[in-house]
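Chains, contacts and geometry: an overview
The residues making up each chain are set out below.
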Amino acid sequence: MSALEQIEQEPWVAAVTRDPSGIEIRLDDGWIETTGAGLEAGGSAEATLSDLAHGQRFSVQFWDANATKALHVGHLRNLAIGNAVASALAQAGGQVERRSLISDAGRSMGEAMAGVRHAHTWPDGNEKSDHFVGICYADYVAATAIPAAGDNGEFPEDSQTRELTLRGDDADDLLRQVLLGDRETVELWYKTRAWVIAGQRKTLARLGVAFDRVFFESDFLANAAELSASGLRDGTLQRRDDGVVVYPSGIDGFEEFPLVRPDGVTTQHMRALAYWMAAPDLGDVTSMQVCGEEWVAHVTCRRKLMDELTPPGNGGIHPTHDIFNAMVARQKRAIASSEGALLIDDLIEWLDERIDEVPDWRALRLGHPAPERIASQVALGYFLPYPVARPIDFEPEQLLREQDSVGWDLVRARARRGSVKTDTARPADDPEYRFAVVQSELYRQHLRLAVERLDVTQLALYLKHLARWHLERDRGEHVERVVHTLLDRSARGLGLEAS
């Protein structure tokens, strides 16, 4: 039996017409109306999707922020992608754990602590604690900055370069005191870290992004020490004349992978290595990490080193997949917190204020099913239709530009309430109803691809086109109900609304 003959036998096919110009398949009216009725009811919209990843376990790691500052727009793309991938896998029936690793043990942590101590004050009730620490951190870095070679003093060295430079300043001294267990310094470390994480969690809650497990790099310092000692013993690692422990990777552009400073403080490279060598409960799990493309060289070296080591019963090398997102830029310049990047908190505030300034936009809150989430849906949704490897030149005004922002299109489509009477006696006689019902099957196909590829780009593009189609004009009441179910399903599948 040919493939076409098999299709002809399907219960959802009413007729197959062949002619010289091609093949036309008409779907069965009963199937259209039965499927459509389920979509109109809305309640079990996800049930038919849960077989796509049933029985599979996933770990999606993202956020991975420093415990030194508030989250900025450069982090927003990472959060959007990680949250969307995790949500799509969960909607497809997978068992998904959202993880994050917080950087709290390197040079930047010492700089934040030194900045807080130099401030001689604490955050007041009107200031978010992560904003306060971020300002202290930036002030200290600016006051102690050493221009990078060849920059004519214009740009300071980056955080990775600063990690390897022993300065004997307050930041270095505080790190040393933490490692020695000095009570007062450890209290300052805990307090600084807690202030930042508490503030960042408020930002995440506002975005509707939650995590199942959060680890700290400091939890794996003992593992890092063991890796360093064993690597030096067996010759996998080498100690340079300046005391830095390195892995000779032989990779062009990153021939030496610096792991431990002369004073014993680990670099972020070593802390990440220690974590992934020891990260718990990853056996038989498809694990992935979402990170910026600036970490490609790091990941390449780390994986090469991990191939030479033996993961201790962790089900192989993790993560099994790396998802690299390209930079977010403003005016073609990469966004970095050291240069006063726009904070996510400020962006959300701006979105809410801007929406409330325009009467037609303010009215959207009346029809939207989750008016308190409008700003976060706009902000997160904006990044999802873009291929992850494509750089994005970002300005806040783009978020509220029709047909340029899938998050904004989704908000407007979900808030649209209005239908017209149709001339058809049965819903299946309405071509637009048939089109809307078929979209539910297309969604399933895009979700299946998202599971296979660990990429939600096509799912976001599906939503983009569906929202714009719905916004073109009022449609029949049955069509509207089907479309709203599909819009709600898409929002959940892309992590723009909680399941």
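Above this note sits the structure.
To keep things clear, this report deals only with the structure shown in the data block. (Residues numbered from 1 in each chain as written. Predicted model: local features only at pLDDT ≥ 70, side-chain atom pairs only at ≥ 80, totals over all residues. Heavy atoms only, no water.)

**As for helix H9 (residues 221-234)**
Spanning 14 residues, H9 covers 20 Å between terminal C-alpha atoms, matching the ideal 20 Å at 1.5 Å per step. Within H9 the residues assigned to the buried category are Ala-224, Leu-227, Ser-228 and Gly-231. One face of H9 carries all of its buried residues, which in axial projection span an arc of 100 degrees. Turned more than 90 degrees off the buried face of H9, the exposed positions are Ala-222, Glu-226, Arg-233 and Asp-234. As for H9, its buried residues are in contact with strand E7 (245-251), strand E8 (254-260) and helix H10 (268-278). Following H9 by one or two positions, Gly-235 has its phi on the positive side, about 85 degrees. (Helix = DSSP H or I, 4+ residues; strand = E, 2+ residues; numbered from the N terminus. Expected span 1.5 Å × (residues − 1). Buried < 20%, exposed > 50% of the residue type's maximum accessible area, 1.4 Å probe, protein only. Arc of directions from axis to C-beta. Contact = heavy atoms within 4.5 Å.)

**Here we look at the side chain of Asp-409**
Position of Asp-409 relative to the elements: it lies in helix H16 (residues 406-415). One polar contact links Asp-409 to Arg-412, side chain to side chain, over a distance of 2.7 Å. Within the structure, the side chain of Asp-409 is placed 3.1 Å from the side chain of Arg-468, a separation counted as a polar contact. Discounting residues that sit within four places of it in the chain, Asp-409 has contacts with Glu-402, Gln-403, Ala-467, Arg-468 and Leu-471. (Polar contact = N/O pair within 3.5 Å; in protein donor to acceptor, adjacent residues only side chain to side chain.)

**Some details on helix H15 (residues 374-381)**
Of all eight residues that make up H15, eight are buried, and the element is covered over most of its length. Turning to H15, the residues buried within the fold contact helix H3 (73-91), helix H8 (183-207), helix H12 (344-357), helix H14 (364-367) and H16.

**Brief notes about the pattern of salt bridges**
Across all of its chains, the model carries 37 salt bridges by this definition. Arg-206 is paired through a salt bridge with Asp-352; the nearest N and O atoms lie 3.8 Å apart. One end of the pair, Arg-206, is in helix H8; the other, Asp-352, is in helix H12, and 146 residues separate them in sequence. Take Arg-206: its relative accessible area is 32%, and that puts it in the partly exposed class. For Glu-432, the salt bridge is made with Arg-473, and the minimal N-O distance between the two is 2.0 Å. Of this pair, Glu-432 sits in helix H17 (residues 431-453) while Arg-473 is found in the loop between helix H18 (457-471) and strand E15 (475-476), placing the two residues 41 residues apart along the sequence. It is possible to trace a salt-bridge network through shared partners that takes in Arg-107, Glu-111, Asp-169, Asp-172, Arg-261 and Asp-263. (Salt bridge = Lys/Arg side-chain N within 4 Å of Asp/Glu carboxyl O.)

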